[in-house]
Amino acid sequence: MEQGVYWPWTLERTLPQGFTDEYSQGWQQFARNASVVTLERGCGRSTNRLATLSDGSKACIRYGINPEQIQGEVLSFYLSRLLGLPAVPPCVLSKVGGTQWALAELGGTGWASGSLVTITPWLHNLSSVLPPLALRAEDGKLRPLLEELHSGQTGMVELAQWGDLILFDYLTANFDRLVSNLFSLQWDPRVMLRGTNNLHRSPDGTLVLLDNEAGLAHGYRVRDTWDKYNKELLVTVCLFRRGLVRKLRELYLGQRTAEELHALYLAGEPLAAELGLLTESEAQVLQDRVGLLYRHIQSCQDRYS
């Protein structure tokens, strides 16, 4: 470890690239212009569909029970871009019944014409991901155990990504990933020995954060129920990537996190204004959580530097 709280530069340079800006922007441009040819059940909730697009590729289309879930999915992607976290797949909005849908049979979906849905790429060859040993240990801290140190570079690369995940899910108040595992421990003591909800590993080692509908607006609305578990996870993390710390410090000092997020979102998503932005109260919750993360990092520096 370097300065007590940072992953070594040598480790950071080996972290997987994930969904790069170049890939994400290219896929978004393609997805907005591709026709939806067929729809079949898949991609999680019964209202979602696995789509075949006009070039033969597959995509996940998510139809929210309410608009805040669709907003959570797309804004979580843009927040990950703002933070420099490449673990969230690219996402675009589409309006059901528009020209993109002329070839698709919508009768069995129950989707209302004109509704906004999200489209994300269907990802192949993903594998499930167990929570790291460090979180399953008696003291439950996300600092490498001897077993993980002996596992070599691969184990450390994954552990560093877990730290990013916990900070990101705290910031968005997402309760539908590792938090749901912690919640289930009260009746299932072996839940931490199974794959983590909405998290998979890609062939290049990226921990992919799938299905982020519970984040931001929806997560903030129910945060009183779930924050106990998000806070339990946050206090386990005292190792960070420098770039993420730098960005959180910038957002904390500037006090304009929602404005920066909205600017990125409006510039990148043609239907952003139609779906809507975070409310003033939600924007304040986001800024408050940035502040809490920054102060947590400072307390780790005071303790370990």
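Above this text you will find the structure in question.
So, a few notes on the structure that sits alongside this text. Just so you know, these numbers come straight off a predicted model, no measurement behind them.

## Observations concerning the overall build of the protein chain
Then, in step 1: Regarding its fold elements, the protein chain presents 13 helices and 8 strands.
Then, in step 2: Against the 2.2 N^0.38 benchmark of 19 Å for 305 residues, the protein chain shows a C-alpha radius of gyration of 19 Å, consistent with a compact globule.
Then, in step 3: Here the C-alpha coordinates of the protein chain stretch approximately 60 × 40 × 40 Å along the principal axes.
Then, in step 4: Entry remark: accessible area of the protein chain is about 13,700 Å², with carbon and sulfur atoms responsible for 52%.

## What to know about the pattern of salt bridges
Then, in step 1: Inspection of every chain in the model, using the stated rule, returns 16 salt bridges.
Then, in step 2: For R241, the salt bridge identified is with D164, shortest N-O distance 2.8 Å. Taken together, the positions of R241 in the loop between α9 (223–234) and α10 (242–254) and D164 in helix α6 (residues 153–172) put the pair 77 residues apart, joining distant regions of the chain. Accessibility assignment for this pair places R241 and D164 in one class, buried.
Then, in step 3: A salt bridge links R194 to D188; the shortest N-O distance between them is 2.1 Å.
Then, in step 4: A relative accessible area of 40% means that R194 is categorised as partly exposed.
Then, in step 5: What you see here is one network of salt bridges that share partners, running through R62, E73 and D211.

## A word on the sheet that holds strand β5 (residues 116–121)
Then, in step 1: Taken together, 5 strands build an open sheet; the order of strands is β1-β2-β3-β5-β4 and the sheet is antiparallel. Unpaired on one side and paired on the other, β1 (36–41) and β4 (92–95) mark the two borders of the sheet. Here the average twist between neighbouring strands, direction ignored, is 35°.

## Re the packing of aromatic side chains
Then, in step 1: Counted under the stated rule, the structure contains 11 aromatic pairs.
Then, in step 2: With centroids separated by 4.9 Å and ring planes inclined at 10°, the aromatic side chains of F175 and W226 adopt a geometry described as stacked. Pair noted here: F175 is in the loop between α6 and α7 (178–184) and W226 is in helix α9, with a separation of 51 residues, a long-range link.
Then, in step 3: Between W226 and Y229, the ring centres sit 6.3 Å apart and the planes meet at 50°, which makes this aromatic pair tilted. Taken together, the residues span about one helical turn, with W226 and Y229 both in helix α9 at a distance of 3 residues.
Then, in step 4: What makes Y229 buried here is its relative accessible area of 12%.
Then, in step 5: Here the aromatic residues F175, F183, W187, W226 and Y229 are joined through ring pairs into a cluster of three or more.

Basis of the calculations
Residues numbered from 1 in each chain as written. Predicted model: local features only at pLDDT ≥ 70, side-chain atom pairs only at ≥ 80, totals over all residues. Heavy atoms only, no water. Helix = DSSP H or I, 4+ residues; strand = E, 2+ residues; numbered from the N terminus. Rg over C-alpha atoms; globule rule 2.2 N^0.38 Å. Areas by Shrake-Rupley, 256 points an atom, 1.4 Å probe, with all protein chains shown as cover. Salt bridge = Lys/Arg side-chain N within 4 Å of Asp/Glu carboxyl O. Buried < 20%, exposed > 50% of the residue type's maximum accessible area, 1.4 Å probe, protein only. Pairing = 2+ DSSP bridges. Axes fitted to C-alpha atoms, helices over the stretch in contact; angles between N-to-C directions. Phe/Tyr/Trp six-rings, centres within 6.5 Å; stacked < 30°, edge-to-face > 60°.

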